[in-house]
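Chain and residue survey
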Amino acid sequence: MGMILAFASIPCACTGLVNSATSLAVLRFFIGFGGSTFVMCQFWTSRMFTKEVVGTANALVGGWGNLGGGVTQIVMGTVLFPLFKTGMSAEQAYILSCVSSNTHHILRACVGLLTGLTILKISDDAPLGTSSDMKKNGTMAEVSAGASFRTGAANFNTWLLFIQYACCFGVELTMNNAAASYFKSTFELTTESAAAIASLFGWMNLFARGVGGFSSDKANARMGMRGRLWVQTICLLIEGVMVFIFANTSSLGLAIFIMVIFSSFVQAAEGSTYGIVPYVNPPVTGSIAGIVGAGGNTGAVCFGLGFRQLETKPAFLLMGSCIVASGVFSLFLNIKGHAGLVTGQDSEEAIAAWKKMGAAAAPATLQVPEPDAEAAEDIEKAANNDDAQSTTSSAAYNNFLQEIKK
């Protein structure tokens, strides 16, 4: 993660050199690599915090990252668009805005570079130390990326969460693009006013995603995984209902109020999603987090096409219907060892963990979440089919299996 942040700071610093659509596309391509650190960060927080609080940790980290959507709306509405009113052409206004923001791009690149170097130099991979040390002492499996991805992708729960994340984070990305133009055209506002109102959607990330993760953790403390699933389902259903109400609101004040509620539940659903991800298959959490995270971008593309091909109101109604349907999908989430939304039972180990009873009580110090033996065996089978697995890696992995089966 540190290396990618440092790498992404280079094209970020070069933003002021853009002078054509082609150079902009190339630059954005390389800057996009920085966005992949979201998945790495979600995996990192899943390793650094116990499962009792992992929902809150993942939600706060992700929410504050998404806050940039609201900031962008403010900057575009208050800096770039007012330049058009001075009589400048679009090209002149864009050039002037780029010149005035060069300092900002360079500062942002320096912050990214400093953050990446800090992660590389002083951070730990997990409470038990670095990944290399944990692999040496057998507390962490050395599983190939291919085996990890195959195992994560073969889990049906991964794709259900993929769809649900498409219907929350994908919706957020869509609203970041569509909200300003919607308020401008529907309520005949100026571009500046519409952008300021639309920015409220992103600003809810200050607290809403964290609240979703926190609620997931609290529900887990009372009901185990069933509690997390109920929080996820409720957030998605209310989110979908808010879309229907928002699309049929003719009053500007009421539309703003509904959008704030709508945004809050969108981001709360994002937080609750990543409160569930670490439980699906702990040994391959990184791959599962990546697949689920990709669902958000996929959802944005699909909903964006909807807004492009349909009128605004039908596009909102289609999006709301998809969100409600995704909430129903929680009925089919069946995570091994945990109760489902309405069926199934928690295992004795799971009950002891969330009730903090006996030997399975939450430890005083943070520990790496331990995978169960059967999940580890699944990884072993996948790893044995990977031709790239070295003899040394296999030996380390066998030590890992022996440790968790004790």
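Everything numeric in this text was worked out from a predicted model, so none of it was measured. (Residues numbered from 1 in each chain as written. Predicted model: local features only at pLDDT ≥ 70, side-chain atom pairs only at ≥ 80, totals over all residues. Heavy atoms only, no water.)

1. Points about the overall build of the chain
- Helix and strand content of the chain: 20 helices and 0 strands.
- The burial tally for the chain puts 46% of its 406 residues in the buried class.
- Within the chain, counting contacts between residues at least 6 apart in sequence, those at least 24 apart form 79% of the total.
- Carbon and sulfur atoms provide 66% of the accessible area of the chain, an area that totals close to 19500 Å². (Helix = DSSP H or I, 4+ residues; strand = E, 2+ residues; numbered from the N terminus. Buried < 20%, exposed > 50% of the residue type's maximum accessible area, 1.4 Å probe, protein only. Contact = heavy atoms within 4.5 Å. Areas by Shrake-Rupley, 256 points an atom, 1.4 Å probe, with all protein chains shown as cover.)

2. Structural notes on helix α12 (residues 191-203)
- Here α12 spans 18 Å end to end across 13 residues, near enough to the 18 Å set by a 1.5 Å rise per residue.
- Of all the positions in α12, only Thr191, Glu192, Ala194, Ala195, Ile197, Ala198, Ser199, Phe201 and Gly202 are classed as buried. (Expected span 1.5 Å × (residues − 1).)

3. Overview of the nonpolar core
- With 53 residues, the main nonpolar core has Val171, Met175, Phe183, Phe246, Phe262, Phe316 and Met319 as its most contacted residues.
- Counting residues per element, the ones that place at least two in this core are α10 (156-166), α11 (169-187), α12, α14 (225-247), α15 (252-280), α16 (285-309) and α17 (312-328).
- If you tally residues by element for this core, the top one is α15, at 12 residues.
- Beyond its immediate chain neighbours, meaning those up to four positions away, Phe316 contacts Met175, Tyr182, Val243, Phe246, Ala247 and Phe307. (Core = buried A, V, L, I, M, F, W, Y, C linked by side-chain atoms within 4.5 Å.)

4. A look at the side chain of Thr273
- Residue placement: Thr273 occurs in helix α15.
- In this structure, Thr273 is in contact with Leu161, Tyr165, Cys168, Gln232 and Val292, ignoring residues within four places of it in sequence.

5. Concerning the pattern of salt bridges
- Within the structure shown, the criterion is met by 2 salt bridges.
- A salt bridge links Asp217 to Arg228; its shortest N-O distance comes to 3.0 Å. Linking Asp217 in helix α13 (residues 208-223) with Arg228 in helix α14, this pair joins segments that are 11 residues apart in sequence. Across this residue pair, the class does not change: Asp217 and Arg228 are buried. (Salt bridge = Lys/Arg side-chain N within 4 Å of Asp/Glu carboxyl O.)

6. Let's talk about the environment of Ser250
- Here Ser250 lies in the loop between α14 and α15.
- Along the sequence, Ser250 and Phe187 sit 63 residues apart, while their C-alpha atoms lie 8.2 Å from each other.

7. Here we look at the packing of α12 against α15
- Packing of α12 against α15 brings their axes to within 8 Å, and their N-to-C directions diverge by 25°. Regarding the angle of α12 to α15, the classification is roughly parallel. Crossing geometry of α12 relative to α15 is assigned as right-handed. Residue-level inspection shows Ile197, Ala198, Leu200 and Phe201 of α12 in contact with α15, the latter providing Leu252, Ile256, Met259, Val260, Phe262, Ser263, Val266 and Gln267. (Axes fitted to C-alpha atoms, helices over the stretch in contact; angles between N-to-C directions. Parallel < 35°, antiparallel > 145°, perpendicular 65-115°, else oblique. Left-handed = near helix turned anticlockwise from the far one by under 90°.)

8. A word on the state of the cysteines
- Within this structure, the stated rule accounts for 0 disulfides.
- Here Cys167 stays free of any disulfide, with the sulfur of Cys322 as its closest cysteine sulfur at 5.9 Å.
- Of all cysteine sulfurs in the structure, the one in Cys167 sits closest to Cys168, which takes part in no disulfide; the separation is 7.5 Å.
- Assessed through its relative accessible area of 0%, Cys168 is described here as buried. (Disulfide = S-S within 2.5 Å.)

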